[in-house]
Amino acid sequence: MTGANTGIGRVTALALARRGYRLILVGRSAQKTQPVLDEIAHISQAGPNHFVPVELDDLDSVRRCLRQILALDLPLHVLVNNAGIAGLRGQTKQSYEMAFGVNHLGPFLLTQGLLNRLQSSSPSRIINVSSRAHWMARSIPWELLQSPTRSLSGIPEYAVSKLCNILFTKSLAKRLKHTEISCFALHPGVVATDIWRSVPALLRPLLRLRPMLSPEEGAATSLHCIENAAADQSGLYFAQCRPASISPLAAQPALADRLWHFSEQACSA
Ligand SMILES: NC(=O)c1ccc[n+]([C@@H]2O[C@H](COP(=O)([O-])OP(=O)(O)OC[C@H]3O[C@@H](n4cnc5c(N)ncnc54)[C@H](OP(=O)(O)O)[C@@H]3O)[C@@H](O)[C@H]2O)c1
């Protein structure tokens, strides 16, 4: 699971530990993840649990992370692509737009590198934490994906990256149709976490005006997809623990295929 040191990811990880899962927590900081590992050690005897470092804005770091995960030589039943950023502007190490790189490209490479392990551990599942913000995306601006974030708020780019999470889930479901790996995308709700910390200070109070769920409530749909969604619902997008509608753009197979090929090429460079 990525991004388990805080927010929705932390609560999801603790809930899984309570249910007896052993966890590999993948994140940026061992120091920030240690308190979660300590909490897990208190509530579960199922360990050992592990921390593996990754910077999702650097594909070389994702490759190192993959080598470390595979070297643990453990079965892998669930991959939760939870980590994400909103409003952070700039470019990744390989010069992709920041939200696209962190929220889609890094998780794309991580997932590809774990497919064989997920297959040998099947039945297994992949959970991609998306957002209803994907409805705001009007297109994938292919010509801007290798440029710095253009908008001041970073919100339009965030919307595109969350659209990519759904298109990626749909592509995966199609390609994994004859396997026992199922995959789900989801919107956790509007949740009181630190996700908007990089949005310009002027906008932050506006974002906080919305009614917000607690991180505990926000983890419910991830947990539903991990434990309760049916395998024949693979490829669907969930909100409030049930299948939800997606934007017309997110339902376009041709767009999903184009994104898949773009991402494959980006990750093989
Ligand atoms: N909160 C909401 O209202 C909301 C709504 C819809 C969707 N979501 C989605 O829910 C997911 C979890 O968000 P959250 O609200 O729990 O946010 P959060 O509390 O800010 O947690 C985000 C996590 O992602 C990690 N992360 C950020 N950049 C990273 C990078 N370059 N490499 C590796 N890890 C990185 C963070 O690590 P650090 O702590 O080291 O930065 C943190 O663990 C995200 O995918 C988000 O898009 C959230």
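Here we summarise the structure given alongside this text. Note that this is a predicted model, so its numbers are computed, not measured.

How each quantity is defined
- Residues numbered from 1 in each chain as written.
- Predicted model: local features only at pLDDT ≥ 70, side-chain atom pairs only at ≥ 80, totals over all residues.
- Heavy atoms only, no water.
- Helix = DSSP H or I, 4+ residues; strand = E, 2+ residues; numbered from the N terminus.
- Rg over C-alpha atoms; globule rule 2.2 N^0.38 Å.
- Buried < 20%, exposed > 50% of the residue type's maximum accessible area, 1.4 Å probe, protein only.
- Contact = heavy atoms within 4.5 Å.
- Lys, Arg positive; Asp, Glu negative; His and termini not counted.
- Charge placed at Lys NZ, Arg CZ, Asp CG, Glu CD.
- Pairing = 2+ DSSP bridges.
- Right-handed = clockwise from strand over helix to strand, strands pointing away.
- Axes fitted to C-alpha atoms, helices over the stretch in contact; angles between N-to-C directions.
- Salt bridge = Lys/Arg side-chain N within 4 Å of Asp/Glu carboxyl O.
- Near = heavy atom within 4 Å.
- Polar contact = N/O pair within 3.5 Å; in protein donor to acceptor, adjacent residues only side chain to side chain.
- Areas by Shrake-Rupley, 256 points an atom, 1.4 Å probe, with all protein chains shown as cover.
- Nonpolar A, V, L, I, M, F, W, Y, C, P; charged D, E, K, R; others polar.
- Core = buried A, V, L, I, M, F, W, Y, C linked by side-chain atoms within 4.5 Å.
- Phe/Tyr/Trp six-rings, centres within 6.5 Å; stacked < 30°, edge-to-face > 60°.

Observations regarding the overall build of the protein chain
For the protein chain, the count of helices and strands is 9 helices and 7 strands. Taking 269 residues into account, the globule formula puts the C-alpha radius of gyration at 18 Å, and the protein chain, at 17 Å, falls close to it. Taking the principal axes of its C-alpha atoms as reference, the protein chain extends roughly 45 × 40 × 35 Å. Evaluated residue by residue, the protein chain yields a buried proportion of 54% over its 269 residues. Considering only residue pairs separated by 6 or more positions, the protein chain has 76% of its internal contacts joining residues 24 or more positions apart. If you average the places of the 27 positive and of the 18 negative side-chain charges in the protein chain, the two averages end up 4 Å apart.

So, the pairing of strand 4 (residues 124–129)
Most of strand 4 sits out of view: 6 of its 6 residues are buried. Burial along strand 4 is two-sided: S124, I126 and N128 facing one way and R125, I127 and V129 facing the other are all buried. With 6 bridges connecting them, strand 4 and strand 5 (residues 181–187) associate as parallel partners. Bridge assignment links R125 to a residue of strand 5, and that residue is S182. For the segment spanning strand 4, helix 5 (residues 155–175) and strand 5, crossover handedness is right-handed.

Some thoughts on the sheet that holds strand 6 (residues 237–239)
Reading across the sheet, the 5 strands line up as 3-4-5-6-7 and stay open at both edges, with mixed pairing between neighbours. Of all strands in the sheet, those with a lone pairing partner are strand 3 (78–81) and strand 7 (242–243), marking the two edges. Of the pairings in the sheet, the one linking strand 6 to strand 7 comprises 2 bridges and is antiparallel in character. Each residue of the ladder has a partner; that of A239, found in strand 7, is R242. Contacts between helix 4 (residues 98–120) and the sheet are confined to strand 3, strand 4 and strand 5, with strand 3 contributing the most and set at about 175° to the helix.

Section: the pattern of salt bridges
What the rule picks out here adds up to 4 salt bridges. The closest approach of N and O atoms between D257 and K174, which form a salt bridge, is 3.2 Å. Highlighted residues: D257 in helix 9 (residues 253–268) and K174 in helix 5, separated in sequence by 83 residues. Here K174 falls in the partly exposed class, since its relative accessible area comes to 48%.

Re the environment of R132
Residue position: R132 is located in the loop between strand 4 and helix 5. Taking relative accessible area as the criterion, R132 reaches 49% and is therefore assigned partly exposed. Dropping the residues within four chain positions of it, R132 is found in contact with H187, V190 and Y237.

Brief notes about the site of the ligand
N5, R28, Y158, V191 and T193 are the nearest of the 30 residues found near the ligand. At a separation of 3.4 Å, an oxygen atom of the ligand approaches a polar backbone atom of G3. Within the contact set of the ligand, an oxygen atom lies 2.5 Å away from a side-chain nitrogen or oxygen of N5. Protein contact buries 97% of the 900 Å² of open area that the ligand shows by itself. Broken down by secondary-structure element, the contributors of at least two residues to the shell around the ligand are helix 1 (7–18) and helix 5. Class assignment of the residues belonging to the shell around the ligand gives a composition of 12 nonpolar, 11 polar and 7 charged.

Let's talk about the nonpolar core
In this structure, I126 and I140 are the most contacted members of the largest nonpolar core, which totals 55 residues. Contributing elements (two or more residues each) for this core: strand 1 (24–27), helix 3 (59–71), helix 4, helix 5, strand 5 and helix 9. Among the elements that make up this core, the one with the highest residue count is helix 4 (11 residues). Excluding its chain neighbours within four sequence positions, the residues that come into contact with I126 are L79, N81, T111, L115, L118, L172, L176, I181, S182, C183 and F184.

Examining the packing of aromatic side chains
Here the structure, examined in full by the defined rule, presents 9 aromatic pairs. Seen in terms of ring centroids, W142 and F262 are 5.6 Å apart; in terms of plane orientation they differ by 50°. Their pairing is tilted. Taken as a pair, W142 in the loop between strand 4 and helix 5 and F262 in helix 9 lie far apart in primary sequence, 120 residues in all. According to the relative accessible area criterion, W142 is buried, its value standing at 14%. On the numbers, 5.4 Å between centres and 65° between planes, the contact of Y158 with W196 is edge-to-face. Of this pair, Y158 sits in helix 5 while W196 sits in the loop between strand 5 and helix 6 (204–208), placing them 38 residues apart in sequence.

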